[in-house]
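Commentary on secondary and tertiary structure
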Amino acid sequence: MQSAGSRFKRNPSLYYSMSIASTWAGVGALMVGMQMARDYGIIPFLLWAFGNTIACILFGIFAPRIPKLREVFRSRIMHYLVGFMCVFQVWTNLNGIQSIFDDTPLTGVFGMALAYAIAIGFIIMLWRNGMIRTVLSDYAAWIGVYAIALLLTVLAMIYSRGNMIPLTMGADQIGIGIEKCVLLLPGPFLYPYFFEMLDYNEQNGDGTKKINITRVFINGGLLFGVYLIFTFLLSWTRFPPALSIVLAVLITLLSTVSSFLYSIYITFGKRLGLAINVATVALWQFIIPLGVMGAWTLMSSIRIWIVFGAIAFALAWHWKEKRSQAKDGR
């Protein structure tokens, strides 16, 4: 019987797509999504969901094709900027795990202990196993996400029958929906793990089959879009204590702590990356009071300028080289 690693190397497409969906999801996919629907209405939620779905698709279409883009993101200044953003992504995910358990009988203390255990476990595991272990763990987690999300949605709707949370259409909040949609689009370009996936597919140093990477990112975006249907349905429902624990487990599975800890290894190298990962987890206790939604909005507002600036620089660099070559050819 073949191992999971062997099956991945022979046919990696589905593993990649599941890992992309899992990495892009994060704790914000459910927590921010439900808050969007409840606070702003259905239309802003749908705009937010549209941006969430096509973000990875746009990355898969443009990132392999924009000249010089990968060279720009490998530059020292981008290394620091992306690494800085990854640290905040780790903190945001750990905050999500801690805060969701705060509303359950298990309490936030359990959530904090679980978040620490997950982070420390992944730091050790990724140091030893790297890329394949990240893909396989994301694949397994995303299967669990679909199963638990379906179960939770059905049970929550049964419990809330006749007592659903009313959602407005939110026609007067369309501007907020458009803003959140636009803020989402550049997000995948600041995921070193996604660029690593492009390089890994091209090099295949361990014999992994080369596949159509654009199609994989399109499928990953669509898989994530299917998940957002559960998010929308859960926005209408209420949670008794038992179901709040199931919701907390789902949020934990959605955590992308592993992908961002691995991205820090990619960005800074194994030794320095290990030190930064350990420091990130050690300093997290001071970040807990910030919450999830505010940190996500601040981070998204910063990254849109970083990504657009990097794309513009890459295109200008390519144009300058082409012009120089044209002059030399005369």
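To be clear, the structure that these remarks concern was listed above.
Reference entry: report on the structure contained in this document. (Residues numbered from 1 in each chain as written. Predicted model: local features only at pLDDT ≥ 70, side-chain atom pairs only at ≥ 80, totals over all residues. Heavy atoms only, no water.)

**Considering the side chain of Q98**
Here Q98 is to be found in helix α6 (residues 76-101). Judged by relative accessible area, Q98 falls into the buried class, the value being 11%. Residues within four places of Q98 in sequence aside, it is in contact with G108, G111, M112, W284 and I288. (Helix = DSSP H or I, 4+ residues; strand = E, 2+ residues; numbered from the N terminus. Buried < 20%, exposed > 50% of the residue type's maximum accessible area, 1.4 Å probe, protein only. Contact = heavy atoms within 4.5 Å.)

**A short note on the packing of aromatic side chains**
This model, assessed by the stated rule, comprises 21 aromatic pairs. Plain terms: the ring middles of Y80 and F268 are 6.5 Å apart, the flat faces sit at 40 degrees to each other, and that makes the pair tilted. With a gap of 188 residues between them, Y80 in helix α6 and F268 in helix α12 (residues 257-268) connect regions that are remote in the sequence. (Phe/Tyr/Trp six-rings, centres within 6.5 Å; stacked < 30°, edge-to-face > 60°.)

**Thoughts on the pattern of salt bridges**
As enumerated under the stated definition, the model contains four salt bridges in all. Across the pair R70 and E202 runs a salt bridge whose closest N-O atoms are separated by 2.8 Å. Highlighted residues: R70 in helix α5 (residues 69-73) and E202 in helix α9 (residues 192-203), separated in sequence by 132 residues. Between D199 and R74 there is a salt bridge, and its shortest N-O distance comes to 2.9 Å. With a gap of 125 residues between them, D199 in helix α9 and R74 in the loop between α5 and α6 connect regions that are remote in the sequence. Relative accessible area serves as the criterion here: at 12%, D199 is assigned to the buried category. Each member of the salt-bridge network shares a partner with another, and the members are R70, R74, D199 and E202. (Salt bridge = Lys/Arg side-chain N within 4 Å of Asp/Glu carboxyl O.)

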